[in-house]
Amino acid sequence: MQKNFKPHPNSFKNTFCVFNEVLPEAVKGLKVQFESKAGSTYYYTEAGMYRVSNHWGRLANSKWRLIAMEPETPSKTKTGFAAWNEFYPDNAEEKLYYIEADYDKDTVIYQHKNNSDYDKKAILRTSFETTKRIKQIRNLQQLTSWAKHFDYDDIADLRKQIIEELIYTEKTLDEIKREI
């Protein structure tokens, strides 16, 4: 029989968390302890929280992301798990976030400074500043029109050079482009 573990109701407000997708069987036998108006179900355990939902990202006053399994499961509804120590504080004023780019997958994400993987090299920014930089990086990744003003041999190398500057310096995109 499952112990009824119940966190404080306000413990998830203004938090950032990365959930890892698990198979739906992970919640078999667990009791639903909360169901949101949007239909997400929550299961609390001593180790952490399971969330079953068809929507991830910004949730009311929190930022919860799901890392999907590979290969990705076909269902739109995903089951995610996060340990209690992976819920980090979030607010608009503090510089809490850093950016990571995956050049093989052509993706960019933001992470919280309390993440154990943070190497303290990427610049920390507020959520607004982080969002602005991510938009710039995605434009660099997805478009080519910006590159016509440069003399380059390999656009991938040029992209990486600019993106690295956006992640690891305080320079603006215009300053970076001028220097190149």
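## What about the overall build of the protein chain?
On a plain count of helices and strands, the protein chain comes out with three helices and 10 strands. Each helix and strand of the protein chain, ordered N terminal to C terminal, gives the series β-β-β-β-β-β-β-β-β-β-α-α-α. Taking the principal axes of the C-alpha coordinates as reference, the protein chain spans close to 65 × 35 × 30 Å. Each of the 180 residues in the protein chain was classed as buried or not, and the buried ones make up 38%. For the protein chain, contacts bridging at least 24 residues in sequence account for 64% of all contacts bridging at least 6. Of the accessible surface of the protein chain, which amounts to about 11400 Å², a share of 51% is contributed by carbon and sulfur atoms.

## Here we look at the domain arrangement of the protein chain
Domain annotation for the protein chain reports domain 1 (15-89) and domain 2 (97-179). Averaged C-alpha coordinates put domain 1 and domain 2 at centres separated by 28 Å. Here domain 1 is connected to domain 2 by one salt bridge. Connecting domain 1 to domain 2 are four residue pairs in polar contact (both at pLDDT 80 or more). The set of elements that each furnish at least two residues to the side of domain 1 that touches domain 2 consists of β1 (15-22), β6 (62-67) and β8 (88-89).

Rules used in this analysis
- Residues numbered from 1 in each chain as written.
- Predicted model: local features only at pLDDT ≥ 70, side-chain atom pairs only at ≥ 80, totals over all residues.
- Heavy atoms only, no water.
- Helix = DSSP H or I, 4+ residues; strand = E, 2+ residues; numbered from the N terminus.
- Buried < 20%, exposed > 50% of the residue type's maximum accessible area, 1.4 Å probe, protein only.
- Contact = heavy atoms within 4.5 Å.
- Areas by Shrake-Rupley, 256 points an atom, 1.4 Å probe, with all protein chains shown as cover.
- Domains from an automatic or database assignment.
- Salt bridge = Lys/Arg side-chain N within 4 Å of Asp/Glu carboxyl O.
- Polar contact = N/O pair within 3.5 Å; in protein donor to acceptor, adjacent residues only side chain to side chain.

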